[in-house]
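A look at the structure
The chain contents come next:
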Amino acid sequence: MPGTQSQPVQTQPPTATALAPPTDAASESAAAPLQAVTSDARIQFAPVIGATAEAVPALSRRLEARARQSGLAIVPQGGNASMIMKGYFSAIADGGKTTVIYVWDVLDPSGNRLHRIQGQQATPGGNGDGWSSVTSATMEAVADSTINQLSTWLTQRQS
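Throughout what follows, the structure given in this document is the object of discussion. (Residues numbered from 1 in each chain as written. Predicted model: local features only at pLDDT ≥ 70, side-chain atom pairs only at ≥ 80, totals over all residues. Heavy atoms only, no water.)

**Section: the overall build of the chain**
The secondary structure content of the chain amounts to two helices and five strands. Shown N-terminal to C-terminal, the secondary structure of the chain runs as helices and strands in the order β-α-β-β-β-β-α. Classification of the 159 residues of the chain by burial places 42% in the buried group. In the chain, of all internal contacts separated by at least 6 residues, the share reaching a separation of at least 24 is 71%. Roughly 7900 Å² of accessible area belongs to the chain as shown, and the carbon and sulfur atoms make up 51% of that amount. (Helix = DSSP H or I, 4+ residues; strand = E, 2+ residues; numbered from the N terminus. Buried < 20%, exposed > 50% of the residue type's maximum accessible area, 1.4 Å probe, protein only. Contact = heavy atoms within 4.5 Å. Areas by Shrake-Rupley, 256 points an atom, 1.4 Å probe, with all protein chains shown as cover.)

Take a look at the structure:
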């Protein structure tokens, strides 16, 4: 697995970046309420690929907070997970805006893909490599969409 050290945004491409440890997210109440999921799924987030180290903390905090709100169990690296979320990110600057494109593969513990979550989130500003324009609010919106899609899929899967 690639290292988790921060690379300078202007000179190096983004690398795999570990999600920050869970913390209380003061902004978690700002997002729309989630449908509670009744699932025994234990979710582990693998280090994301493509996002800069500066972009990951907001994503990580919001993923943990929104998962908790929806009733999903998040387990730390090395924990007994029933599903692993592996994320791939890109930021593309174009026409005065930056678009964060994200894909999450939901894997079983053996690495088999069970589901794919994907989307994009636009933000004003289109400077440099794109990541320099990505704000915490943008990454929180990505996390909100990710947990919403995951919750919907888990609910449908149980039906």
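**Regarding the nonpolar core**
Core analysis: the biggest nonpolar cluster contains 30 residues, and Leu59, Met85, Phe89, Trp104, Trp131, Met139 and Leu150 have the highest contact counts within it. At the level of elements, β1 (42-45), α1 (56-70), β3 (83-94), β4 (97-107) and α2 (136-158) are the ones that each hand at least two residues to this core. Ranked by the residues each element gives to this core, the list is headed by α2, at seven residues. (Core = buried A, V, L, I, M, F, W, Y, C linked by side-chain atoms within 4.5 Å.)

**Remarks on the environment of Arg113**
Checked against the element boundaries, Arg113 lands in strand β5 (residues 113-124). Distance from Arg113 to Lys86, taken between C-alpha atoms, is 9.9 Å for residues 27 residues apart in sequence. Beyond its immediate sequence surroundings of up to four residues, Arg113 is in contact with Asp105, Val106 and Leu107.

**Let's talk about α1**
Between its terminal C-alpha atoms α1 stretches 21 Å, which fits the 21 Å expected from 15 residues at 1.5 Å a residue. Of all 15 residues that make up α1, eleven are buried, and the element is covered over most of its length. Of the residues making up α1, those classed as buried are Val56, Ala58, Leu59, Ser60, Arg62, Leu63, Glu64, Ala65, Arg66, Ala67 and Ser70. Residues of α1 that are buried in the fold lie against β1, β2 (73-74), β3, β4 and α2. Phi turns positive one or two residues past the end of α1, at Gly71, with a value near 90 degrees. (Expected span 1.5 Å × (residues − 1).)

**Remarks on the environment of Ser133**
Tracing the backbone shows Ser133 in the loop between β5 and α2. Judged by relative accessible area, Ser133 falls into the buried class, the value being 9%. C-alpha of Ser133 to C-alpha of Gly96: the two residues are 37 residues apart in sequence and 10.0 Å apart in space. Excluding residues within four positions of it along the chain, Ser133 makes contact with Thr98, Thr123, Pro124, Gly125, Gly126 and Asn127.

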